[in-house]
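Take a look at the letters that make up each chain.
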Amino acid sequence: MKPSNFTKYPYNSVFKESEYETVAVNIMVILKRTGDKFRSLSWGEYKSERELDGNFSLGEKSFFDQVKPYTRSASKAVLFSKTWRDATLTVYPKKRNRM
């Protein structure tokens, strides 16, 4: 699994607020375009990348700090929202028992 598997908007996240969900998607998009590997993204890199995107606000910092732990690995990302958990099922569908 890569960050690119988690760029779909994560509705109904553990925080239940769109600001957290938007920042989480922003982080995954940044990780995707900077190598598509999970890693700990710094606030400075997030800020620089978001400024390139436009529509950046310093208010994103408090949300960034809280969602960052969920964006360090696929195993953490699936805990952030059902949408992201379900994304892993698309990549690795469950095997059916054949009779």
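Placed above this text is the structure.
To start, this report covers the structure provided alongside it. The structure presented is a predicted model; accordingly, all values stated were derived computationally and were not measured.

Regarding the side chain of Thr-71
Structurally, Thr-71 is set in the loop between α3 (60-67) and α4 (74-80). Judged by relative accessible area, Thr-71 falls into the buried class, the value being 2%. There is a polar contact of 2.8 Å between the side chain of Thr-71 and the backbone oxygen of Lys-68. The contacts of Thr-71, once residues within four sequence positions are left out, are Ala-24, Ile-27, Met-28, Leu-31, Phe-38 and Arg-39.

Thoughts on the packing of aromatic side chains
Scanning the entire structure with this criterion turns up 13 aromatic pairs. Ring centres of Tyr-46 and Phe-64 lie 5.0 Å apart, and the angle between their planes is 45°; on these two criteria the pair is classed as tilted. Separated by 18 residues along the polypeptide, Tyr-46 in helix α2 (residues 43-53) and Phe-64 in helix α3 bring together distant segments of the chain. Aromatic side chains Phe-80 and Trp-84 sit 5.2 Å apart centroid to centroid with 35° between the ring planes, which places their arrangement in the tilted category. Given a relative accessible area of 0%, Phe-80 falls into the buried group. Look at Trp-84 and you get buried, because its relative accessible area is 0%. Grouped by ring-pair contacts, the aromatic residues Phe-6, Phe-15, Tyr-20, Phe-38, Phe-63, Tyr-70, Phe-80 and Trp-84 constitute a single cluster.

Digging into the pattern of salt bridges
Counted under the stated rule, the structure contains nine salt bridges. Of the charged contacts in the structure, one is a salt bridge between Glu-45 and Arg-39, with a shortest N-O distance of 2.8 Å. Classification of Arg-39 as partly exposed rests on a relative accessible area of 29%. A salt bridge links Glu-51 to Lys-47; its shortest N-O distance comes to 3.4 Å. One end of the pair is Glu-51 and the other is Lys-47, both in helix α2 and four residues apart, which spans about a single turn. Shared partners join several salt bridges into a network, and the residues in it are Arg-33, Glu-49, Arg-50, Asp-53 and Glu-60.

Digging into the side chain of Asn-26
Of note, Asn-26 is situated in helix α1 (residues 18-33). What Asn-26 contacts, discounting residues up to four positions off in sequence, is Tyr-46, Arg-50 and Glu-60.

A short note on α3
For α3, the set of buried residues is Glu-60, Phe-63, Phe-64 and Val-67. In a view along the axis of α3, the buried residues occupy a sector of 105°, so they form one face of it. Residues of α3 that are buried in the fold lie against α1, α2 and α4.

What counts and how
Residues numbered from 1 in each chain as written. Predicted model: local features only at pLDDT ≥ 70, side-chain atom pairs only at ≥ 80, totals over all residues. Heavy atoms only, no water. Helix = DSSP H or I, 4+ residues; strand = E, 2+ residues; numbered from the N terminus. Buried < 20%, exposed > 50% of the residue type's maximum accessible area, 1.4 Å probe, protein only. Polar contact = N/O pair within 3.5 Å; in protein donor to acceptor, adjacent residues only side chain to side chain. Contact = heavy atoms within 4.5 Å. Phe/Tyr/Trp six-rings, centres within 6.5 Å; stacked < 30°, edge-to-face > 60°. Salt bridge = Lys/Arg side-chain N within 4 Å of Asp/Glu carboxyl O. Arc of directions from axis to C-beta.

Read these as geometric descriptors, not functional statements.
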